[in-house]
Amino acid sequence: MDIKGLNHMLTEEERSAFDRDGYMIVPDALPLEMVPPLAEVAGRLAAEQRAENGEPPHKAIHYPDFIGKDDVFLELLDWPKTFHKVWGILGWHIQLYHSHLMVTPPIPEEERGSLKRLGWHQDSGRLNIDIEATPRPRISLKVAFFLTDTTEPNRGNFSVIPGSHLRDKIALPDDGVSEPEGATAVRVPAGTAVFFDRRLWHAGGRNTSDRTRKVLFYGYGYRWLRPRDDMTVGHYLERSDPIRRQLLGVSTGGKGYTSPSEEDIPLKSWIRDHVGEAALVP
């Protein structure tokens, strides 16, 4: 793993902001020359899914398990400007458990007068029901790489309620239209990464602009967490270094996910060797 990433480790200010707000923004996470190739492949995959399912051109596309569909996505798995912040928050016992891309075209003019409230939710489905704890545990986070500009409102902006990751429920206005108190549209340029705690109440925004929004979501969680999609990554394993293999779900066996040996978690050894013992505890 590139030691240049040590220049982008989680700062105390970032940790405090993430713990307080449930999300944080990493400007210029991607160089601008990387953005168009990523956006092109994301658009192609969305178009293929749209054609396969016979979906109309204005329908938003949710494409899971994109990580294995094109080599262009693999480099972001342990991208120096973001990955060192991921393990800074979650620790070393982690893997990629989910990837999905969102392509959000503009809403047709004729449908804009009947819009309802955004779809506010926390991630992880049954996990929020099955685990008896308040507040719910963090367990995972996502890194969202924005491939299109959302510095202006109404471009399908990622919307959040800062601090809501510590609340199991939020109050929704009775009118079915108004957004909950504290709702905030995140406005960032292309190349930005947005980290968010899976417990953060969030939603995809409305796109009433003249451009299509494209975002890649990489979900990292503890290695005992079941993957949320098919993780079709086997073709990457032979050419992946040990840390990438860990992130792609490789284990010495079932026990390796819950009581790992050093062979299961090379990220831990890398952190110890390059950062020190103190960094092994997030």
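The coordinates are above.
Heads up: these notes are all about the structure in this document. Sequence order as written defines residue numbering, which begins from 1 separately in each chain. Given that the model is predicted, a residue must reach a pLDDT of at least 70 before its local features are reported, and side-chain atom pairs must reach 80 or more before they are shown or counted; all residues, however, enter totals for whole chains, interfaces and linings. Processing note: side-chain calculations cover all non-hydrogen atoms of the structure and skip hydrogens and water entirely.

### Brief notes about the overall build of the protein
Consideration 1: Each helix corresponds to a stretch of at least 4 residues labelled H or I by DSSP, and each strand to a stretch of at least 2 residues labelled E; elements are numbered beginning at the N terminus. Along its length, the protein carries 6 helices and 9 strands.
Consideration 2: Reported as C-alpha extents along the three principal axes, the dimensions of the protein are approximately 60 × 40 × 35 Å.
Consideration 3: Three exposure classes are used, based on accessible area relative to the maximum for each residue type with a 1.4 Å probe and protein chains only: buried under 20%, partly exposed in between, and exposed over 50%. Here the protein, with 282 residues, has 51% of them falling under the buried criterion.
Consideration 4: Residue contacts follow a heavy-atom distance rule, with two residues in contact if any of their heavy atoms lie within 4.5 Å. Taking contacts inside the protein between residues at least 6 apart in sequence as the whole, the part at least 24 apart equals 85%.
Consideration 5: By element, 51% of the accessible surface of the protein is carried by carbon and sulfur atoms, the whole surface being about 13200 Å².
Consideration 6: Counted charges follow a simple rule, with Lys and Arg positive, Asp and Glu negative, and His plus the chain ends left uncounted. By convention, the point assigned to a charge is CZ for Arg, NZ for Lys, CD for Glu and CG for Asp. One finds the centroid of the 35 positive side-chain charges in the protein at a distance of 3 Å from the centroid of its 41 negative side-chain charges. For the accessible areas, the method is Shrake-Rupley and the probe is 1.4 Å, while residue cover comes only from the protein chains on display.

### Some words on the sheet that holds strand β6 (residues 184-185)
Consideration 1: Pairs of strands are assigned from DSSP output, requiring at least two bridges between the strands. Reading across from one edge, β6-β5-β8 is the order of the 3 strands in this open sheet, with antiparallel pairing throughout. With partners counted over all chains shown, the strands left at the sheet margins are β6 and β8 (202-204), one partner each.
Consideration 2: Bridge count for strand β5 (residues 158-160) against β6 is 2 bridges, and the pairing is antiparallel. Each bridged residue has a counterpart across the sheet, and for S159 the counterpart in β6 is A185.

### Some words on the sheet that holds strand β3 (residues 94-104)
Consideration 1: With antiparallel pairing, the 6 strands of this open sheet are ordered in space as β1-β7-β4-β9-β3-β2. In this open sheet, the two edge strands, each paired with only one partner strand, are β1 (23-26) and β2 (61-64). Direction aside, the axes of adjacent strands within the sheet are offset by 20 degrees on average.
Consideration 2: Bridge analysis of strand β4 (residues 140-146) against strand β7 (residues 193-197) gives 5 bridges, and the strand direction is antiparallel. Each axis is a line fitted through C-alpha atoms, and for a helix only the stretch in contact is used; angles between axes span 0 to 180 degrees, taken between their N-to-C directions.

### Quick word on the environment of N128
Consideration 1: With respect to the helices, strands and loops of the structure, N128 is situated in helix α4 (residues 127-130).
Consideration 2: A residue is classified by how much of its surface remains accessible, and N128, at 12% relative accessible area, is buried.
Consideration 3: Beyond its immediate chain neighbours, meaning those up to four positions away, N128 contacts Q122, D123, R136 and R198.

### Topic: the packing of aromatic side chains
The geometry of an aromatic ring pair comes down to the distance between the two centres and the angle between the two planes.
Consideration 1: Any two rings among Phe, Tyr and Trp, with Trp reduced to its six-membered ring, count as a pair given centres within 6.5 Å; such a pair is stacked if its planes are under 30 degrees apart, edge-to-face if over 60, and tilted if neither. Summed over the entire model, instances satisfying the criterion amount to 7 aromatic pairs.
Consideration 2: Relative to F217, the ring of F196 lies with its centre 6.3 Å away and its plane at 85 degrees, an arrangement referred to as edge-to-face. Residue F196 is found in strand β7, and its partner F217 is found in strand β9 (residues 213-222); the two are separated by 21 residues along the sequence.
Consideration 3: You can call F196 buried: its relative accessible area is 1%.
Consideration 4: By way of ring pairs, the aromatic residues F66, F73, F145 and Y218 are connected into one cluster.

Function-wise, these values are silent; they only describe arrangement.
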